[in-house]
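These are the residues of each chain, in order.
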Amino acid sequence: MKIFVLTGAGISAESGLGTFRDKDGVWTRYDLSEVATPEGFARDPAKVRAFYNARRANLAEASPNAAHVALARLEAALAARGGDLWLCTQNVDDLHEKAGSRRVVHMHGELAVTRCAHCQALRPDPGPLTAEAVCEACGRDGGARPHVVWFGEMPLHMDAIEDALAEADLFVSIGTSGSVYPAAGFVTEARAMGVATCEINLEPSANAYVFGEKHYGPASEVVPAWVERVLNGL
Ligand code: BV8
C-alpha cells in the first residue's frame, strides 16, 4: 500500500511550535511580506534573521508529539510489508526526523539549515544566523539565510512529489489549512488521478469539501488512532 502524507503546522502545534493562521498564529504577529519573502530579506536582512533565529530557539526546545511518532511507526510498518509511506511536509521543523521518520521531504525547506544566498551552499546550523558569518564554500559573508522556501520562491522536490502523488493509493493531509499553494492543490490533483483522499485536522480546512474521508480533532489523538486503523487493515 502506498500512502502519501502531507503535513502542515497543525501537526507540530501540540509540540509548542506556533501555527501560521490560527487566532494567535505567526502571520498575525509578523507581516509575511517582511519576513518570508526574498524582497523582505533584501530590504532588511537583520529583521528576517531575527525572525528565524527566534524560531530556531523555539525549535531547539520542542519535542515530537504522538502524531509525529505514529507516522514514524506507520513508515516502518508499511516498509515491513513492502508498502511505502511518502512523507511530504510543509513544515520547516525537524520533529518528524526526531520522532524517527527515516525519509522526510521538506518542500518548504528546513529551519535548522543555513543557505548561503551568494553560492546556495547548505549546512546544518541550529545556531543563530548572523551577517558576519563567512560561508565555508565561497568565503563570502553577508549571505546567511535560512534554507526555507519563501513566498514567491519555488518549493523544493516538486517533480519527485508529483511522481509520488501519481503512484499513491491514498493521499492524507494532516494539520494544514489548505491556504498555501502548490501544497494546497495536491488533494485536487490526487482526486483527479483517482487517488483516495483523507483529511485529518483540528477543523475543516479551506478545501475540506474535496476530501473523501475526514477526521477532526487534535493531531496527537486523531493521528495515532488513524494509524492504528490503517495497520489493523493491512
Ligand atoms: C510558489 C516557509 C511559484 C516560510 C512557507 C494566489 C492564489 C494561489 C497562490 C498564490 C496566490 N498568491 C500568491 C500565491 C503563491 C503563494 C501562496 O500560495 N500564497 C498564499 C498565501 C495565497 N505560494 C508561494 O509563493 C509558493 N511558491 O507559488 O512559487 C513559482 C513558480 C515559478 C517560479 C517561482 C515560483 C511558496 C509557498 C511556500 C512559502 N513558505 N513556509 C516559513 O515557514 O517561515 S508557507 C507556510 O505556510 C508554512 O510552510 C506552512 O506550513 C504553510 C502552510 O500553512 P499551514 O501549515 O497550513 O499552517 P496554518 O497555520 O495555515 O494552518 C494550520 C492548520 O493546523 C489549521 O488548519 C489548524 O486548524 C490546524 N491545527 C491547529 N492545531 C492543530 C491543528 N490540527 C491538528 N491538531 C492540532 N493540535
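Remember, it's a predicted structure, so these values are computed and weren't measured experimentally. (Residues numbered from 1 in each chain as written. Predicted model: local features only at pLDDT ≥ 70, side-chain atom pairs only at ≥ 80, totals over all residues. Heavy atoms only, no water.)

(A) Broad picture of the site of the ligand. Looking at the ligand, there are 34 residues lining it, with Phe20, Arg21, Arg55, Thr176 and Ser177 nearest. Between the ligand and Gly152 there is a distance of 2.7 Å, counted from an oxygen atom to a backbone nitrogen or oxygen. With the chains in place, 75% of the 1,500 Å² that the ligand exposes on its own is no longer accessible. In the shell around the ligand, the residues fall into 15 nonpolar, 13 polar and 6 charged. Taken domain by domain, the shell around the ligand gets at least three of its residues from each of domain 1 (1-16 + 64-108 + 155-234) and domain 2 (18-61 + 113-148). (Near = heavy atom within 4 Å. Polar contact = N/O pair within 3.5 Å; in protein donor to acceptor, adjacent residues only side chain to side chain. Areas by Shrake-Rupley, 256 points an atom, 1.4 Å probe, with all protein chains shown as cover. Nonpolar A, V, L, I, M, F, W, Y, C, P; charged D, E, K, R; others polar. Domains from an automatic or database assignment.)

(B) Representation of the domain arrangement of the chain in the model. The domain boundaries assigned to the chain delineate domain 1 (1-16 + 64-108 + 155-234) and domain 2 (18-61 + 113-148). Each side of the interface is counted separately: domain 1 has 14 residues, and domain 2 has 9 residues. With both chains or domains summed, domain 1 and domain 2 bury close to 830 Å², and 61% of this area falls on carbon and sulfur atoms. When residues of domain 1 are sorted by the area they lose upon contact with domain 2, Ala9, Gly16 and Val92 head the list and together hold 37% of the total. Summed over the shared surface of domain 1 and domain 2, the number is 0 salt bridges. At the surface where domain 1 touches domain 2, the tally comes to 0 residue pairs in polar contact (both at pLDDT 80 or more). (Contact = heavy atoms within 4.5 Å. Buried area = accessible area lost by both parts, 1.4 Å probe. Salt bridge = Lys/Arg side-chain N within 4 Å of Asp/Glu carboxyl O.)

(C) Expanded view of the state of the cysteines. Per the stated rule, a full pass over the model turns up 0 disulfides. With no disulfide of its own, Cys135 lies 3.7 Å from the sulfur of Cys119, the closest cysteine sulfur. Note on Cys135: relative accessible area 13%, which makes it buried. Among the cysteines around Cys138, which has no disulfide bond, Cys135 carries the closest sulfur, lying 3.7 Å off. We classify Cys138 as partly exposed; its relative accessible area is 24%. (Disulfide = S-S within 2.5 Å. Buried < 20%, exposed > 50% of the residue type's maximum accessible area, 1.4 Å probe, protein only.)

(D) Summary view of the packing of aromatic side chains. Under the criterion given, the structure shown has 10 aromatic pairs. Centre to centre, the rings of Trp27 and Phe151 are 6.3 Å apart; their planes meet at 65°, and the pair counts as edge-to-face. You can see Trp27 sitting in helix 1 (residues 26-29) and its partner Phe151 sitting in the loop between strand 6 (144-148) and helix 7 (158-167), a full 124 residues away along the chain. Its relative accessible area of 17% is what places Trp27 among the buried residues. Taken together, the aromatic side chains of Phe20, Trp27, Tyr30, Phe41, Phe51, Tyr52, Trp150 and Phe151 make up a single cluster linked through ring pairs. The side chain of Arg145 reaches across the aromatic face of Trp150, ending 3.7 Å from its centre. (Phe/Tyr/Trp six-rings, centres within 6.5 Å; stacked < 30°, edge-to-face > 60°. Helix = DSSP H or I, 4+ residues; strand = E, 2+ residues; numbered from the N terminus. Lys NZ or Arg CZ within 6 Å of the ring centre and 35° of its normal.)

(E) Geometry of the sheet that holds strand 9 (residues 213-216). As summarised here, the arrangement of the 6 strands in space is 3-2-1-7-8-9, forming an open sheet in which the pairing is parallel. Edge positions in the open sheet fall to strand 3 (104-106) and strand 9, since each of these has one partner strand only. Here the strands of the sheet are splayed against their neighbours by 20° on average, with no regard to which way each runs. As paired strands, strand 7 (residues 170-174) and strand 8 (residues 196-201) are joined by 5 bridges and run parallel to one another. Residue Ile174 lies in a different strand from strand 8, and its bridge partner there is Ile200. Here helix 9 (residues 219-233) sits on the sheet and contacts strand 1 (2-7), strand 7, strand 8 and strand 9; the angle it forms with strand 9, its principal contact strand, is near 140°. (Pairing = 2+ DSSP bridges. Axes fitted to C-alpha atoms, helices over the stretch in contact; angles between N-to-C directions.)

(F) Highlighting the sheet that holds strand 4 (residues 109-116). Here 3 strands make up an open sheet; going across it, the order is 5-4-6 and the pairing antiparallel. The sheet is open, and its two edges are formed by strand 5 (122-124) and strand 6, each paired on a single side. Strand-to-strand twist in this sheet, taken as the mean axis angle between neighbours without regard to direction, amounts to 45°. Across 5 bridges, strand 4 lies against strand 6 in antiparallel orientation. Opposite Arg115, over in strand 6, you have Arg145 as the bridge partner. Its contacts with the sheet put helix 4 (residues 45-60) on strand 4 and strand 6, and the angle it makes with strand 4 is roughly 135°.

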